[in-house]
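Chain by chain, the residues run as shown.
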Amino acid sequence: MGNFFKYSLLTSSLILSTYSLADEHFRQHSTHVHGHVELNIAQDADELLVEFTAPGADILGFEHAPENTQQKEKLAQAVKILQQADNILTLSAAANCHVEHQDVRHNLNSHDDEHEHEHEHEHEHEHEHEHEHEHEQHTDHGHDEHQHSAEHGAFTVEYHFECQRVNQLDAIETHWFTHFPATAEIEVNLLTDSAMLATELDASNHTVSW
Ligand SMILES: [Zn+2]
């Protein structure tokens, strides 16, 4: 078994645990810490998956469904910012990475957004399948249990990059703190072919390099 294969297994399990963590978060309305964002970065061959999990408070200043026009606009604006990977991340230029897919999810929808919500569910589901096609133990995670969180809404933001020279990738800068200054720290877990590290970023130290 070569290193590559071992890393692939590691990467797959990291991705899987990332997904189940996100799932748990939505299901349990788990106690997140305001000001604290989690960032998981995993390389799988030429692909790089970057996933942020953030409290609604960090991004919007509130964590409930928007109650007025101002809050609706704030939510729409935040989603718009997050949907552009360039707004949030700069990867080593030499690696020549481009965004292949991105997904911004949150659970701050109001009840009259049921249709949109269902759509997001399907999307989430497809997404799991994409990454679990090699894992025969895939089971339905019981999305019926999914509930709206009234008190502690959260965001999960994923960027999938395809890198032409992934071995040239050795730094990722985030502009998160510029857009969302309520975040005090980002806890980073990174796994690539050449590095496995855990670190913290903040407004003055916002690049992870290896
Ligand atoms: Zn909260």
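Structural data are supplied above this passage.
Reference entry: report on the structure contained in this document. (Residues numbered from 1 in each chain as written. Predicted model: local features only at pLDDT ≥ 70, side-chain atom pairs only at ≥ 80, totals over all residues.)

**Here's the deal with the pairing of strand β7 (residues 185–191)**
Under the convention used in this document: DSSP-based pairing: two strands are paired if at least 2 bridges between them are found. Think of it this way: any DSSP run of H or I at least four residues long counts as a helix, any run of E at least two long counts as a strand, and we number them from the N terminus.
In this sheet, β7 lies alongside strand β1 (residues 36–44) in parallel orientation, the contact comprising seven bridges. Paired with His-36 across the two strands is Glu-185, which belongs to β7. Relative to strand β8 (residues 196–201), β7 is paired through six bridges, and the arrangement is antiparallel. Residue pairing across strands places Glu-187 opposite Glu-200, the latter belonging to β8. Here β7 folds back onto β8 in antiparallel fashion, the turn holding four residues.

**Some details on the sheet that holds strand β9 (residues 207–209)**
Selection rule: Throughout, an axis means a line fitted to C-alpha atoms (over the contacting stretch in the case of helices), and angles, computed between N-to-C directions, take values from 0 to 180 degrees.
Taken in spatial order, the three strands line up as β3-β6-β9 in an open sheet, and their pairing is antiparallel. In this open sheet, the two strands that pair with only one neighbour each are β3 (89–91) and β9. The average angle at which neighbouring strand axes cross in this sheet is 15 degrees, direction not considered. In terms of strand pairing, strand β6 (residues 171–174) meets β9 through three bridges, oriented antiparallel. Counted as the bridge partner of Ala-171 is Ser-209 from β9.

**Notes on the sheet that holds β1**
Spatial strand order, β4-β5-β2-β1-β7-β8: six strands in an open sheet with mixed pairing. On the outer flanks of this sheet lie β4 (97–106) and β8, each paired with one strand and no other. The mean inter-strand angle of the sheet, taken between neighbouring strand axes irrespective of direction, is 15 degrees. Of the pairings in the sheet, the one linking β1 to strand β2 (residues 47–55) comprises seven bridges and is antiparallel in character. By the bridge assignment, Asp-44 is partnered in β2 with Glu-47.

**Comments concerning the nonpolar core**
Definition in use: Nonpolar cores are built from buried Ala, Val, Leu, Ile, Met, Phe, Trp, Tyr and Cys residues. These are joined into a set through C-beta atoms within 7 Å. Exposed residues have 12 or fewer other C-beta atoms within 10 Å of their own C-beta, buried residues have 20 or more, and residues in between are partly exposed; the C-beta atoms are placed from the backbone. Residues are treated as contacting if the C-beta atoms built from their backbones sit within 7 Å of each other.
One finds Ile-41 and Leu-48 to be the most contacted residues of the largest nonpolar core, which totals 35 residues. Of all elements in the fold, only β1, β2, α2 (56–60), α3 (69–82), β3, β5 (154–163) and β7 reach the threshold of two or more residues within this core. Excluding its chain neighbours within four sequence positions, the residues that come into contact with Ile-41 are Leu-48, Val-50, Ile-172, Val-188 and Leu-190.

**Quick word on α3**
Selection criterion: Given a helix with a known number of residues, its expected span is that number minus one, times 1.5 Å. Throughout, the arc means that of the directions going from the helix axis to the C-beta atoms.
Over its 14 residues, α3 extends 20 Å from the first C-alpha to the last, a length consistent with the 20 Å expected when each residue adds 1.5 Å. Along α3, the residues classified as buried are Leu-75, Ala-78 and Leu-82. Buried residues in α3, looked at end-on, bunch into an arc of 65 degrees, giving them a common side. Relative to its buried face, α3 has exposed residues pointing more than 90 degrees away, namely Thr-69, Gln-70, Glu-73, Ala-76 and Lys-80. For α3, the secondary structure elements touched by its buried residues are α2, α4 (85–88), β4 and β5.

**Let's talk about unusual backbone geometry**
In this structure, Ala-45 takes a positive phi of about 55 degrees despite not being glycine. Here Ala-45 is to be found in the loop between β1 and β2. With a phi angle near 50 degrees, Asn-96 is a residue other than glycine that sits in the positive phi range. In this structure, Asn-96 sits in the loop between β3 and β4.

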